[in-house]
Amino acid sequence: MDLLNTLVDKGLRREVPTRDEALAVLATSDDELLDVVAAAGKVRRQWFGRRVKLNYLVNLKSGLCPEDCSYCSQRLGSKAEILKYTWLKPDDASKAAAAGVAGGAKRVCLVASGRGPTDKDVERVTETISTIKEQNEGIEVCACLGLLRDGQAERLRAAGADAYNHNLNTSEATYGDICTTHDFSDRVDTVQQAQSAGMSACSGLIAGMGESDADLVDVVFALRELDPDSVPVNFLIPFEGTPLAKEWHLTPQRCLRILAMVRFVCPDMEVRLAGGREVHLRSLQPLALHLVNSIFLGDYLTSEGQAGKDDLAMIADAGFEVEGTDTATLPAHRRDAAAVADTEPATTPEATVPAPSEETRRDLVAVRRRGAGTDLPPNA
């Protein structure tokens, strides 16, 4: 297929595809799916070999968020029956992190619900970062605390935070449809603050919220322009009790096409398979490893994930290896110099929203009841 040959050539040169080319990836048929995966896999292997980076989430504060993000089980007005608790103490957070590290995680992601941290919250988190780093040599720590205010990114960096996560989630044009308490530009500003403070930026998207193909391409191109080091791709987990509980638009095949499109647009960035992979990819998860070079190990913020031992077995069975703490994740040119400047892509045609799946598998969404904030051991 000429399209795939073109995209592979561009990916190996770190050249951005056009929007039309990205849209064409999403429009490929199921008959072409394995060709798409194989093509994007060539780009993935060029920059990341067969390594898989493991990341582990620690939910520092769960639920009771004042923001109204419609996809989130922790949102204002959520009826989802999730765990709710206030800030974990540093030692408790470090113990939770240690479970992930023992399972092979290279990065610990510290997440807290809320619009953004107060200065006291930042102080709490800096103490937690110090505790984790003291007890786990060589581990990376990423903070995800919401919208940052002036000076907070610098304080987190000084405390040892290696990265900061704040996702764009969806296109700027449709952002108001999923959230009204802050806007797209607020998220962009927080990512840029993290970058200015010297932290590695982590910013991604959520697919499956009823967006069109054009929306997906727009948010990925917006991410490309921001140039984060890590791009998490989440697939909506339709929690009962949230406004998007009935949004079941994804199939395993569509998820793979989305991941392939992200890899072609972000060839040398860490593309992470994040929340919802078990719900939507299901038995095709191993194929996704040919597209992404990073996954979350074990559970997520408010939902349970695949058993950690099964994650490790999946990686080994698919012929990949877990990336060690002594190996740099990003290719040398991203560590040592700025990436190649973007070219101006073509105008995108409008695309339709995929129809909801006829068979809704609500049994696939399991609310987290173990790990941080409970007396039960975590999944790692």
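Residues numbered from 1 in each chain as written. Predicted model: local features only at pLDDT ≥ 70, side-chain atom pairs only at ≥ 80, totals over all residues. Heavy atoms only, no water.

A. The arrangement of helix 1 (residues 2-12) in detail. When we look at burial in helix 1, the residues that qualify are Leu3, Leu4, Leu7, Val8, Lys10 and Gly11. Viewed along the axis of helix 1, the buried residues span an arc of 165 degrees, placing them on a single side of the element. Here the buried face of helix 1 lies against helix 2 (19-26), helix 3 (33-48) and helix 10 (252-265). Two residues or fewer after helix 1 comes arginine 14, characterised by a positive phi angle close to 65 degrees. (Buried < 20%, exposed > 50% of the residue type's maximum accessible area, 1.4 Å probe, protein only. Helix = DSSP H or I, 4+ residues; strand = E, 2+ residues; numbered from the N terminus. Arc of directions from axis to C-beta. Contact = heavy atoms within 4.5 Å.)

B. View of the packing of aromatic side chains. Applying the stated criterion across every chain yields a total of two aromatic pairs. An angle of 70 degrees between the planes, with centres 6.2 Å apart, marks the rings of tyrosine 175 and phenylalanine 184 as edge-to-face. Where phenylalanine 296 meets tyrosine 300, the ring centres are 6.4 Å apart and the plane angle is 80 degrees; that geometry is what we call edge-to-face. Residues phenylalanine 296 and tyrosine 300 agree in their burial class; the two are buried. Note that arginine 50 overlies the ring of phenylalanine 320, its terminal NZ or CZ placed 4.4 Å from the centroid. (Phe/Tyr/Trp six-rings, centres within 6.5 Å; stacked < 30°, edge-to-face > 60°. Lys NZ or Arg CZ within 6 Å of the ring centre and 35° of its normal.)

C. Seen up close, the pairing of strand 7 (residues 230-235). Among the six residues that make up strand 7, six are buried, leaving the element largely enclosed by the rest of the structure. Burial along strand 7 is two-sided: Ser230, Pro232 and Asn234 facing one way and Val231, Val233 and Phe235 facing the other are all buried. When strand 6 (residues 205-207) meets strand 7, the two strands line up parallel, connected through three bridges. Bridge pairing in strand 7 places leucine 205 opposite valine 233. Relative to strand 8 (residues 270-273), strand 7 runs parallel, the two sharing four bridges. Residue pairing in the sheet places valine 231 in a bridge with valine 271 of strand 8. This β-α-β element, strand 7 to helix 10 to strand 8, shows right-handed connectivity. (Pairing = 2+ DSSP bridges. Right-handed = clockwise from strand over helix to strand, strands pointing away.)

D. Expanded view of the packing of helix 2 against helix 10. In contact at an axis separation of 8 Å, helix 2 and helix 10 are set at 155 degrees when each is read in the N-to-C sense. In terms of their interaxial angle, helix 2 and helix 10 are classed as roughly antiparallel. When you trace helix 2 past helix 10, the crossing you get is right-handed. Facing Ala22, Val25 and Leu26 of helix 2, the residues of helix 10 in contact are Arg254, Arg257, Ile258, Ala260, Met261, Phe264 and Val265. Across the contact of helix 2 with helix 10, the residue classes break down as eight nonpolar, no polar and two charged. (Axes fitted to C-alpha atoms, helices over the stretch in contact; angles between N-to-C directions. Parallel < 35°, antiparallel > 145°, perpendicular 65-115°, else oblique. Left-handed = near helix turned anticlockwise from the far one by under 90°. Nonpolar A, V, L, I, M, F, W, Y, C, P; charged D, E, K, R; others polar.)

E. A look at the pairing of strand 3 (residues 140-144). Counting buried positions over the five residues of strand 3 gives five, a clear majority of the element. Burial along strand 3 is two-sided: the residues Glu140, Cys142 and Cys144 and Val141 and Ala143 are all buried. What joins strand 2 (residues 107-112) to strand 3 is helix 5 (residues 119-135), and the crossover it makes is right-handed. In this sheet, strand 4 (residues 163-165) lies alongside strand 3 in parallel orientation, the contact comprising two bridges.

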